[in-house]
Amino acid sequence: MDDIRWTEALSVGNETIDDDHRQHFRLLDQLQHATLGEALGVVDALVAYTEVHFQREEAFMLKMGYPAYLEHKAEHE
């Protein structure tokens, strides 16, 4: 299976949000290579980081007046 890697084609143009997305890719890559014993810890880290990221991204979208905020928030939920 190929490694899970970030590419600049995935950039949304906001460094903070892009950094969050890069971290998600790192965690997903760790999960892909984790042993069974390591996987639960990586999943826990991924869930926790995703919750923080969604809060940060939603706050940013509100601040910027993102027109599809409600639809994107629903995707998060």
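Because the structure is a prediction, the values reported are computed rather than measured. (Residues numbered from 1 in each chain as written. Predicted model: local features only at pLDDT ≥ 70, side-chain atom pairs only at ≥ 80, totals over all residues. Heavy atoms only, no water.)

(A) Local environment of the overall build of the chain. Each helix and strand counted, the chain has 3 helices and 0 strands in total. Secondary structure of the chain in N-to-C order comes out as α-α-α. A buried classification covers 26% of the 77 residues belonging to the chain. For the chain, the accessible surface area stands at approximately 5,500 Å², while carbon and sulfur atoms represent 59% of it. If you average the places of the 6 positive and of the 16 negative side-chain charges in the chain, the two averages end up 6 Å apart. (Helix = DSSP H or I, 4+ residues; strand = E, 2+ residues; numbered from the N terminus. Buried < 20%, exposed > 50% of the residue type's maximum accessible area, 1.4 Å probe, protein only. Areas by Shrake-Rupley, 256 points an atom, 1.4 Å probe, with all protein chains shown as cover. Lys, Arg positive; Asp, Glu negative; His and termini not counted. Charge placed at Lys NZ, Arg CZ, Asp CG, Glu CD.)

(B) Region of the structure containing the pattern of salt bridges. Evaluated as defined, the whole model comprises 7 salt bridges. Across the salt bridge formed by R5 and D29, the nearest N and O atoms sit 3.7 Å from each other. Linking R5 in the segment before α1 (15–33) with D29 in helix α1, this pair joins segments that are 24 residues apart in sequence. For R5, a relative accessible area of 51% translates into the label exposed. Of the residues examined, D29 reaches a relative accessible area of 12% and is grouped as buried. Among the ionic contacts, a cluster of salt bridges with common partners joins E8, E15, D19 and R22. (Salt bridge = Lys/Arg side-chain N within 4 Å of Asp/Glu carboxyl O.)

(C) View of the packing of α1 against helix α2 (residues 36–64). Where α1 meets α2, the closest approach of the two axes is 10 Å, and the angle between their N-to-C directions is 165°. Here α2 runs roughly antiparallel to α1, going by the angle between their axes. The crossing of α1 and α2 is left-handed. Judged by residue contacts, T16, I17, D19, D20, H21, Q23, H24, L27, L28, Q30, L31 and H33 of α1 engage E38, A39, V42, V43, A45, L46, Y49, T50, H53, R56, E57 and F60 from α2. Partitioning the contact of α1 with α2 into residue classes produces 11 nonpolar, 8 polar and 5 charged. (Axes fitted to C-alpha atoms, helices over the stretch in contact; angles between N-to-C directions. Parallel < 35°, antiparallel > 145°, perpendicular 65-115°, else oblique. Left-handed = near helix turned anticlockwise from the far one by under 90°. Contact = heavy atoms within 4.5 Å. Nonpolar A, V, L, I, M, F, W, Y, C, P; charged D, E, K, R; others polar.)

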